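Secondary and tertiary structure notes
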Amino acid sequence: MQNQDRLRIWTEQGNVTISQLFFSYYKKINVKDEEAILLLHLIAYGEGGNRFPTPQNLVERTHFNENKVVTILQRLVQKGFVQIEQHVTDEGVRYEYYAFHHLWNLLLDVVEQEENSVDDQLLKAEEGDIYKLFEQEFGRLLSPMEYETIGMWFDQDHHSTSLIRLALKEAVLSQKLSLRYIDRILFEWKKKNIKTVEAAEKQSSNFRQAIPVQKEPEQANTSKVPFYNWLEERE
């Protein structure tokens, strides 16, 4: 079930209070103040059991006269904030009621857009940190070509910032600090459908456990930890 359908059903069943959501965002969906007042009264009437209040009902609850109420109602219908729908009971009685499907969908769209905007800002900040981290590890500013390469990891290969961080760490530990080497690591992870830090770390751990620890001849007590040479990866 789509989020919009779920919200519509919940509100129609009275399981969701929409007032806070409405007050927060009605300006962004171009609902005027006087339209907002009438909308809230329509919703309140519906929650009270009267789903098709008359203009006179609305006059009794507002400072609007009947002509003003009718004008605003017409505008709400024209703008799609309110729909007049029909229903037939089991006894065959037909009745009309005010529905607000499009209004809820518009509000939900605004909320989702704001959430996506926040997510995009966080992602851009994380990507900016990656460039700084590379410059810190390389001990110098990145060249335009290097910036472009890292940008392709994000935009074309869709690698996560956490996976790129891990690939950089792998290159540092292997003492093979170059973008070519890191690019190969990311390429192999993508080829093996490795998309998470946990899966990448597991593969590296399994590799290191599979190779016996080598000892330097002149320093028998010093262990040399094996690292994967990603540039020699073969099919």
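Scroll up for the structure.
Below, the structure is looked at part by part. Within any chain, residue numbers begin from 1 and follow the written order of that chain's sequence. A pLDDT threshold of at least 70 governs which residues receive local features in this predicted model, and a stricter bar of 80 or more applies before side-chain atom pairs are shown or counted, although totals over entire chains, interfaces and linings include all residues. Note that water and hydrogens are dropped before the side-chain values are worked out from all heavy atoms of the structure.

**Thoughts on the overall build of the protein**
Along the protein, the regular secondary structure elements total 10 helices and four strands. Helices (α) and strands (β) of the protein occur, in sequence order from the N terminus, as α-α-α-α-α-β-β-α-α-α-α-α-β-β. Three exposure classes are used, based on accessible area relative to the maximum for each residue type with a 1.4 Å probe and protein chains only: buried under 20%, partly exposed in between, and exposed over 50%. When the 235 residues of the protein are sorted by exposure, 33% land in the buried category. For this analysis, residues touch if any pair of their heavy atoms sits within 4.5 Å. At a minimum sequence separation of 6, the contacts of the protein that also span at least 24 residues come to 52%. Here the accessible surface of atoms and residues is derived via Shrake-Rupley with a 1.4 Å probe, and residues count as covered only by protein chains that are part of the display. Only carbon and sulfur atoms are counted for the fraction: they give 49% of the accessible area of the protein, which is about 15,200 Å². Helix and strand definitions follow DSSP, with helices as H or I runs of at least four residues and strands as E runs of at least two, each counted in order from the N terminus.

**Section: the packing of aromatic side chains**
Any aromatic ring pair is given by two values, namely how distant the centres are and how the planes are angled relative to each other. Here is the rule: rings of Phe, Tyr and Trp (six-membered ring for Trp) pair when centre to centre is within 6.5 Å. Planes less than 30 degrees apart are stacked, more than 60 are edge-to-face, and the remainder are tilted. Scanning the model with the defined rule gives nine aromatic pairs in all. Measuring from ring centre to ring centre gives 5.9 Å for Phe134 and Phe138, while their planes differ by 55°; the resulting arrangement is tilted. Here the residue Phe134 and the residue Phe138 both occupy positions in helix α6 (residues 101-138), the gap between them amounting to four residues, near one helical turn. Look at Phe138 and you get buried, because its relative accessible area is 16%. Ring geometry for Phe134 and Trp153: centres 5.9 Å apart, planes at 50°, overall tilted.

**Some words on the pairing of strand β1 (residues 83-88)**
Sheet topology note: the β1/strand β2 (residues 94-99) ladder contains six bridges and is antiparallel. Residue pairing for β2: Gln86 is matched across the bridge by Glu96. Linkage of β1 to β2, two consecutive antiparallel strands, is achieved through a turn of five residues, within which Gly92 is found at a positive phi near 90°. DSSP-based pairing: two strands are paired if at least 2 bridges between them are found.

**Examining the nonpolar core**
Residues belong to a common nonpolar core when they are buried Ala, Val, Leu, Ile, Met, Phe, Trp, Tyr or Cys residues joined through side-chain atoms within 4.5 Å. Core analysis: the biggest nonpolar cluster contains 27 residues, and Leu39, Phe100 and Leu103 have the highest contact counts within it. Elements represented by at least two residues in this core include exactly α2 (19-25), α3 (33-47), α4 (55-61), α5 (66-78) and α6. It is α3 that contributes the most residues to this core, six residues altogether. When sequence neighbours within four positions are dropped, the list of residues in contact with Leu103 reads Phe22, Ile29, Leu39, Gly80 and Phe81. Within the second largest apolar cluster, 24 residues are counted, among which are Ile130, Leu166, Ala171 and Trp189.

**A short note on the packing of helix α8 (residues 161-173) against helix α9 (residues 179-191)**
How two helices sit against one another is set out by the angle between their axes and by the gap between those axes. The geometry of α8 relative to α9 is characterised by a closest axis approach of 9 Å and an angle of 125° between their N-to-C directions. Considering the angle they form, α8 stands oblique to α9. For the crossing formed where α8 meets α9, the hand is right-handed. When α8 is examined against α9, the residues Leu163, Ile164, Leu166, Ala167, Leu168, Glu170 and Ala171 are found in contact with a partner set consisting of Tyr181, Ile182, Ile185, Leu186 and Trp189. All residues other than Ala, Val, Leu, Ile, Met, Phe, Trp, Tyr, Cys, Pro, Asp, Glu, Lys and Arg, Gly among them, are scored as polar; the first ten of these are nonpolar and the last four charged. In terms of residue class, the contact of α8 with α9 is built from 11 nonpolar, no polar and one charged. Geometry is summarised by axes, namely lines fitted to C-alpha atoms with helices restricted to the contacting stretch, and by angles between N-to-C directions that run from 0 to 180 degrees. For classification purposes, angles smaller than 35 degrees are called roughly parallel, those larger than 145 roughly antiparallel, those between 65 and 115 roughly perpendicular, and all remaining angles oblique. Helix crossings are classified by the rotation of the near helix relative to the far one: an anticlockwise turn of less than a right angle makes the crossing left-handed, while a clockwise turn makes it right-handed.

**Describing the packing of α3 against α5**
One way to put it is that α3 packs onto α5 with a least axis distance of 10 Å and a crossing angle of 90°. As the angle between them shows, α3 and α5 are arranged roughly perpendicular. Contacts between α3 and α5 pair Glu34, Glu35, Leu38, Leu39 and Leu42 from the former with Lys68, Val69, Ile72, Leu73, Arg75 and Leu76 from the latter. For the contact of α3 with α5, a count of residues per class yields seven nonpolar, no polar and four charged.

**A look at the pattern of salt bridges**
What counts as a salt bridge is simple: a side-chain nitrogen of Lys or Arg found within 4 Å of a carboxyl oxygen of Asp or Glu. In the structure shown here, the tally under the stated rule is 10 salt bridges. Among the salt bridges present, the one from Lys191 reaches Glu188, with a minimum N-O distance of 3.0 Å. On the criterion of helical spacing, the pair formed by Lys191 and Glu188 is a turn pair, its members being three residues apart in helix α9. Using a relative accessible area of 36% as the deciding quantity, one classes Lys191 as partly exposed. You can call Glu188 buried: its relative accessible area is 0%.

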